[in-house]
Amino acid sequence: MAPRGRPRAFDRDAALRKAMEVFWAKGYERASLADLTEAMGINAPSLYAAFTSKEALFQEALALYSATEGCDIWEGVPAAPTARAACAHLLRATAEAFARDEKRRGCLVVLSAPQTEGSSPSICEALKHHRAATTAVLRERLRRAVAEGDLPAAADVEAITAYVVTVQHGLSIQARDGASRETLLAIADCAMAGWENLVSVGRPPAA
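Under an unreviewed UniProt entry, the name given to the protein chain is TetR family transcriptional regulator, and the organism recorded is Shinella granuli.

Structure follows, in structure tokens:
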């Protein structure tokens, strides 16, 4: 027997992309149901029927963002010939990506994070997991550089990783505040200017 009920009168994929853009611009908490339904071109019952909840919609939007936005930034990290090239690629490609869009939206994962207290634990955890996963890409590239002799054996991979990722996250804030392409690239270049000193700082002694 054919399923009963009226078929959905909207393109679910297109609606999801519109929702992603709302979350990207406003963050999870500030994106109201009215904002989402207006952008998606549907009413609230249709949103819940298709996505079950605002949290579930955000999770799908986050997955879409991960699959479609900025992939070339992170894919270039393992492929870079040296650790320095990997970090330079990450920062400069991030700057270029954030400058491409006139809206200067920065990174959805960084800028849509809600305050932990009083927010949805599942959303906080999803964003934390995503940030950890991308950070791990850089960490593994630097560890490989140590194993290959590209970086000193005593290089503090954790500190280098944290520093570069922190700069990258800062580029999101600068982009959201309207920084130009030239400014974003200059920030990336300034961060890389201290590379030799950065990699020469050894790991602290074990306690």
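Moving on to the pattern of salt bridges. Enumeration over the complete set of coordinates arrives at nine salt bridges. Each of the salt bridges in this network shares a partner with another, and the network as a whole consists of R139, E140, R143 and E158.

Another aspect to go through is unusual backbone geometry. Note: most peptide bonds trans; most residues except glycine with negative phi. One non-glycine residue, T52, adopts positive backbone phi at about 75°. Mapped onto the elements, T52 comes out in the loop between α3 (44-51) and α4 (54-68).

Aromatic ring pairs are reported here in terms of the distance separating the ring centres and the angle at which the planes meet. Under the definition given, this model contains four aromatic pairs. Centroid distance F23 to F58: 4.9 Å. Interplanar angle 85°. Geometry classified as edge-to-face. With F23 in helix α1 (residues 12-30) and F58 in helix α4, the pair connects residues that are 35 residues apart, well separated along the chain. We note that F23, like F58, is buried. With centroids separated by 5.2 Å and ring planes inclined at 70°, the aromatic side chains of Y28 and F58 adopt a geometry described as edge-to-face. With Y28 in helix α1 and F58 in helix α4, this residue pair connects regions lying 30 residues apart in the sequence. According to the relative accessible area criterion, Y28 is buried, its value standing at 9%. By the ring-pair criterion, three or more aromatic residues cluster together here, those being F23, Y28 and F58. One cation-aromatic arrangement involves K54 over Y28; the distance from NZ or CZ to the ring centre is 4.5 Å.

Below, the discussion takes up helix α8 (residues 121-147). Note that an α-helix has 3.6 residues per turn; residues three or four places apart therefore point the same way. Here α8 contains 27 residues, and its C-alpha end-to-end distance of 38 Å stays within 8% of the 39 Å for a straight helix at 1.5 Å per residue. Burial in α8 covers these residues: I123, C124, A126, L127, H130, T134, T135, L138, R139, R141, L142 and A145. Looking one or two places after α8, you find G149, whose phi comes out positive at around 85°.

What follows is about empty space enclosed by the protein. Applying the stated criterion across every chain, the model contains one cavity of 30 Å³ or more. Taken as a whole, the largest cavity holds about 30 Å³ of empty space. Lining the largest cavity, in full, are L91, Y163, V164, A191, M192, W195 and L198. Contributing elements (two or more residues each) for the lining of the largest cavity: α9 (157-176), α10 (181-193) and α11 (195-200).

In this section: the environment of Q59. When you line up the elements, Q59 lands in helix α4. Separated by 68 residues in the primary sequence, Q59 and L127 have C-alpha atoms spaced 9.2 Å apart. Those residues within four positions of Q59 in sequence are excluded, and the remaining contacts are S122, I123 and A126.

Moving on: the packing of α9 against α10. Running from amino to carboxyl end, α9 crosses α10 at an angle of 165°, the nearest separation of the two axes being 10 Å. On the basis of their axis angle, the class for α9 and α10 is roughly antiparallel. In this structure, the crossing between α9 and α10 has a hand that is right-handed. Residues Y163, V167, L171, Q174 and A175 of α9 form the contact with α10, whose own contacting residues are L184, I187 and A191. The residue inventory of the contact of α9 with α10, partitioned by class, reads seven nonpolar, one polar and no charged.

Parameters and conventions
- Residues numbered from 1 in each chain as written.
- Predicted model: local features only at pLDDT ≥ 70, side-chain atom pairs only at ≥ 80, totals over all residues.
- Heavy atoms only, no water.
- Salt bridge = Lys/Arg side-chain N within 4 Å of Asp/Glu carboxyl O.
- Helix = DSSP H or I, 4+ residues; strand = E, 2+ residues; numbered from the N terminus.
- Phe/Tyr/Trp six-rings, centres within 6.5 Å; stacked < 30°, edge-to-face > 60°.
- Buried < 20%, exposed > 50% of the residue type's maximum accessible area, 1.4 Å probe, protein only.
- Lys NZ or Arg CZ within 6 Å of the ring centre and 35° of its normal.
- Expected span 1.5 Å × (residues − 1).
- 1 Å grid on protein atoms, 1.4 Å probe; cavity = no way out; pocket = protein on both sides within 12 Å on 5 of 7 lines; lining within 4 Å.
- Points joined across faces, edges and corners; volume = space filled by probe spheres on them.
- Contact = heavy atoms within 4.5 Å.
- Axes fitted to C-alpha atoms, helices over the stretch in contact; angles between N-to-C directions.
- Parallel < 35°, antiparallel > 145°, perpendicular 65-115°, else oblique.
- Left-handed = near helix turned anticlockwise from the far one by under 90°.
- Nonpolar A, V, L, I, M, F, W, Y, C, P; charged D, E, K, R; others polar.

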